[in-house]
Amino acid sequence: MKLLSLTITLLLLTATAYGKTEPLVFTKEHSQTAMEIIDTLGSKHYKKQVIDDDFSSHLLDSYFDALDPVKVYFLKSDITQFEANRYTFDDDLEDGDLTQGFDIFNLFRERISDRLESNIRLLESDFSFDFSLEEAINHDRDARTWMTSQEEADDYWRRRMKDSLLRLVLSGKEPEAARELLRKRYVNQLKQLARQDADDAVQGFVNVLAGIYDPHTSYLAPRTLENFNISMSLSLEGIGAVLQLEDEFTKIVRIVPGGPADKQGTLAAEDKIIGVAQDDAAMVDIIGWRLDDVVELIRGKKNSRVRLEVIPGTSKVGDKTKIVTITRDKVKLEEQAAKSKVIELQQGDKKFRAGVITVPAFYMDFEAYRQRDPNFKSTSRDVMKLIADLKEQDVDGIILDLRNNGGGSLYEATALTDLFIHPGPVVQIRHADQRVSREQRARQRPFYDGPLIVLINRLSASASEIFAGAIQDYGRGLVAGTTSFGKGTVQVLAPLKQGRLKLTESKFYRVSGQSTQHRGVVPDITFPSYFDLEEVGESSQDNALPWDSIREVRHRMYEDFNPLLSVLKTQHQRRIETDPDWQFMLDEIALIREQSALQTVTLNKTRREQLKDQHEEKWLSIENKRRLKRHEPVFETTDAVEAFRKQQKEDEKTPDPILQETAHLLADYTHVAASSLEVRLVNKEAVK
């Protein structure tokens, strides 16, 4: 009885220790900002969105989904109580009345607070989680529905806490230490919740509203605008990664080319950062933190070290984390610069030399340009120098590698295209007023007119798609890789009295008239992708503007590749069937897909350990399969594989089967094209 009494007392103390969240209230300035945003969107956004009852209904559903995407805090009854107001948001917004948005936000904060306090009480009690039971938890957010009772919610969260504890234990934590870490995690989330203010509520609600127009339109409150400006100027002294919140995790969206994380080589898009430590200090658990607080923790002085605890994006179960140490630095323009190398292939008794130019971003040093510095750096100027150098090395063709190039300067995309084609249009731009401009043109004779392949992947976006699309439409070169991102829109920053509004003002169209929006650039020869095209890319985002087309603009055609493609694809297929590195890549992608498809995860510790061991054995197996084909000694353990791969990255010797195969394709292309030309010349002579 004494133990029970002590437990009840402890629970009551915990329940009152954190207090209730106070309701947030909007101000007159918030109302004016909301009305100003509605007016600006109506007059300047590319999409002509009608603010009516349908918009109101969409806004209500989108707001609930944005606040609670996994459907774990709100109950179905919470959703139902706002049904009476489903069609009144539009009227309220026109009057600057944010009452309904704040009512929902305040209820959400209350639900989170109640849930976190309940979780803490359970962890501080003598409740025992039984890891021998045959239980499971479903992580498929698309399959979840709003829970109908408090009992259902309690059972879900018990299993969710059990899953979190199991992950921590399997990653090396002692059971009691894991329990205390999880408790501290919930306490920190409560502290984060208490820091929210009315500005956060307004930004959250208005961003959902803006997101109905398209996913690239958003409101930047004054506090957010500061971080945005730092990011755009690339002056942030940190790790060089673009981050976003996904549920309670901080996810890496993109690694900035030339930044510290890029040079370190371990972090990748889709990885989740769960802990941050300053140099050798203790790791700080950041699950559930605000994004600006995470950024502040990661940011630091140049040459200082930060350690990150990361769940790899390829790990569905997430039981194994990794610690990544990065030395902070500025993202320097020269480190984003294009680079070149030569790949030499043996084809029979002949050697084929493929020049490779890697372009991480479309950059231009505008400050140096304005100061009339004759040596200012830009993508097109650097690539021109690299082409000249490759010509001196007597290369037989060039590969322009735009993988992971998220875009940048439109001017530079046009200038780069100008190096490869005769004068002519590069891209068409249709503005919100439906006016089409075609000022972006190539104006010089081509600097390089030899064989060319453009290599793209799912993270090639925006300016990269303009360049690849132009090369493809002109028949100037082949495009190989995977379908690009599909971002064919242009954003501008519109000033507001409070903050800024980033909105979509126009769309890109290729010279063929096809938009790059949504569909991206489809390669002539398709390669496998590590990225799930259903999960990554413009088409995966809610409310993305659709693909469409406008009138084609007259342009020159250099070559029709269709007669050559069947031959090139046959040779490509024959070659990759016996390439150990290519087959390893296919096995690796298949294993990642297998993990991604794993939605229901067991909470039985023994079974979970077995699955973890089986997964690691599969990685070991596919690595050794490759090594046997290459007549290399096999590894005995997965630790040996990891050590070997780490050493490869440090030595920059990681095999790149896609780039190697692209070099072979370039060799095939030059050979087949030359043979085809000889046939055409013979036929022409025969006619004479």
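Below you will find a few notes about this structure. Each residue is numbered by its place in its chain's sequence as written, counting from 1. In view of the model being predicted, local features appear only for residues whose pLDDT reaches at least 70, and side-chain atom pairs are presented and counted only at 80 or more, with totals across whole chains, interfaces and linings using the full set of residues. The side-chain quantities take in all heavy atoms of the structure and omit both hydrogens and water.

Overview of the packing of helix H7 (residues 150-170) against helix H8 (residues 175-195)
Two numbers describe how H7 lies on H8: the axes approach to 9 Å, and their chain directions differ by 125 degrees. Of the possible angle classes, the one that applies to H7 and H8 is oblique. For H7 against H8, the interelement crossing comes out right-handed. When H7 is examined against H8, the residues Trp157, Met161, Ser164, Leu165, Leu168 and Val169 are found in contact with a partner set consisting of Pro175, Ala178, Arg179, Leu181, Leu182, Arg185 and Tyr186. Each axis is a line fitted through C-alpha atoms, taken for helices only over the stretch in contact, and angles between the N-to-C directions span 0 to 180 degrees. Each helix is a run of H or I in the DSSP string that is no shorter than four residues. Each strand is a run of E no shorter than two, and both are numbered from the N terminus. For this classification, under 35 degrees means roughly parallel, over 145 means roughly antiparallel, 65 to 115 means roughly perpendicular, and everything else is oblique. Crossing handedness is read from the near helix: turned anticlockwise from the far helix by less than a right angle, it gives a left-handed crossing, and turned clockwise, a right-handed one. Contact definition: two residues touch when any of their heavy atoms are within 4.5 Å.

So, the sheet that holds strand S10 (residues 350-358)
A strand pair is defined by DSSP finding two or more bridges across the two strands. Taking strand neighbours across the sheet as the criterion, the 6 strands line up as S9-S10-S11-S16-S17-S20 in an open arrangement whose pairing is mixed. With one partner strand each, in any of the chains shown, strand S9 (339-347) and strand S20 (525-526) form the two edges of the open sheet. Across 5 bridges, S10 lies against strand S11 (residues 397-401) in parallel orientation. Each residue of the ladder has a partner; that of Thr358, found in S11, is Asp401.

Side note on a negative patch on the surface
Negative charge collects at one region of the surface, where Asp53, Asp54, Asp91, Glu94 and Asp95 lie side by side. Elements represented by at least two residues in the negative patch include exactly helix H3 (53-67) and helix H5 (89-94). Here Asp54 is to be found in helix H3. Summary of the burial criterion: residues with accessible area below 20% of their type's maximum are buried, those above 50% are exposed, and those between are partly exposed, where the area comes from a 1.4 Å probe applied to protein chains only. Given a relative accessible area of 60%, Asp54 falls into the exposed group. Patches draw on residues past 30% relative accessible area with no salt bridge. Two like charges within 9 Å are joined, as are two nonpolar side chains (Val, Leu, Ile, Met, Phe, Trp, Tyr) within 5 Å. Only the protein chains shown count as cover for residues, and all accessible areas are computed by the Shrake-Rupley method using a 1.4 Å probe. A pair is scored as a salt bridge if a Lys or Arg side-chain nitrogen falls within 4 Å of a carboxyl oxygen belonging to Asp or Glu. Here the positive residues are Lys and Arg and the negative ones are Asp and Glu; neither His nor the chain ends is included. Every charge is mapped onto a representative atom, which is NZ of Lys, CZ of Arg, CG of Asp or CD of Glu.

Some words on the pairing of strand S13 (residues 428-431)
Across the two faces of S13 the burial is the same, with Gln428 and Arg430 and Ile429 and His431 all buried. Note: S13 against strand S19 (residues 500-509), 4 bridges, orientation antiparallel. The partner of Ile429 across the bridge, within S19, is Phe508.

Considering the packing of aromatic side chains
Pairing of aromatic rings covers Phe, Tyr and Trp, the last counted by its six-membered ring, and requires centre-to-centre distances within 6.5 Å; plane angles under 30 degrees mean stacked, over 60 mean edge-to-face, and any other angle means tilted. Following the criterion strictly, the structure yields 19 aromatic pairs and no others. With a centroid separation of 6.1 Å and 70 degrees between ring planes, the pair formed by Phe74 and Trp146 is classed as edge-to-face. With a gap of 72 residues between them, Phe74 in the loop between H3 and helix H4 (76-80) and Trp146 in the loop between strand S1 (136-138) and H7 connect regions that are remote in the sequence. The exposure classification of Phe74 matches that of Trp146, with both residues buried. Judged by centre distance (6.2 Å) and plane angle (80 degrees), the ring pair of Phe420 and Tyr448 falls under edge-to-face. Of this pair, Phe420 sits in the loop between helix H15 (410-418) and strand S12 (424-425) while Tyr448 sits in the loop between strand S15 (441-442) and strand S16 (452-456); the two residues are 28 residues apart in sequence, bridging distant segments of the chain. No difference in accessibility class separates Phe420 from Tyr448, as the two residues are buried. Pairwise contacts between aromatic rings join Phe64, Tyr73, Phe74, Phe82, Phe108, Trp146, Tyr156 and Trp157 into one cluster. Counting as a charge over the ring demands two things of the Lys NZ or Arg CZ atom: a distance within 6 Å of the ring centre and an angle within 35 degrees of the ring normal. Positioned above the aromatic ring of Tyr156, the side-chain terminus of Arg144 is 4.3 Å from the ring centre. Over the face of the ring belonging to Phe584 we find Arg626, whose NZ or CZ atom lies 3.8 Å from the ring centre.

Describing the layout of surface pockets
Counted as a void, the second largest pocket has a volume near 370 Å³. Elements with a minimum of two residues in the lining of the second largest pocket: helix H14 (379-392) and H15. Each residue is assigned to one class: nonpolar for Ala, Val, Leu, Ile, Met, Phe, Trp, Tyr, Cys and Pro, charged for Asp, Glu, Lys and Arg, and polar for all the others, Gly among them. Along the lines of polarity and charge, the residues of the lining of the second largest pocket split into 8 nonpolar, 5 polar and 7 charged. Within this scheme a cavity is a closed region of a 1 Å grid, computed over the protein atoms alone, that accommodates a 1.4 Å probe without allowing it to escape, whereas a pocket is open but has protein on both sides within 12 Å along at least five of seven lines; lining residues each have an atom within 4 Å of a point. Grid points are joined across faces, edges and corners, and a volume is the space filled by probe spheres set on the points.

Some points on the pattern of salt bridges
Overall, the coordinates contain 40 salt bridges when judged by the stated rule. Put simply, Arg86 and Glu83 hold a salt bridge, and the shortest N to O gap is 2.7 Å. Judged by its relative accessible area of 10%, Arg86 is buried. We classify Glu83 as partly exposed; its relative accessible area is 35%. Of the charged contacts, one joins Lys625 and Asp587 as a salt bridge, the two residues approaching to 3.0 Å between their closest N and O atoms. With Lys625 in helix H19 (residues 605-629) and Asp587 in helix H18 (residues 580-596), this residue pair connects regions lying 38 residues apart in the sequence.

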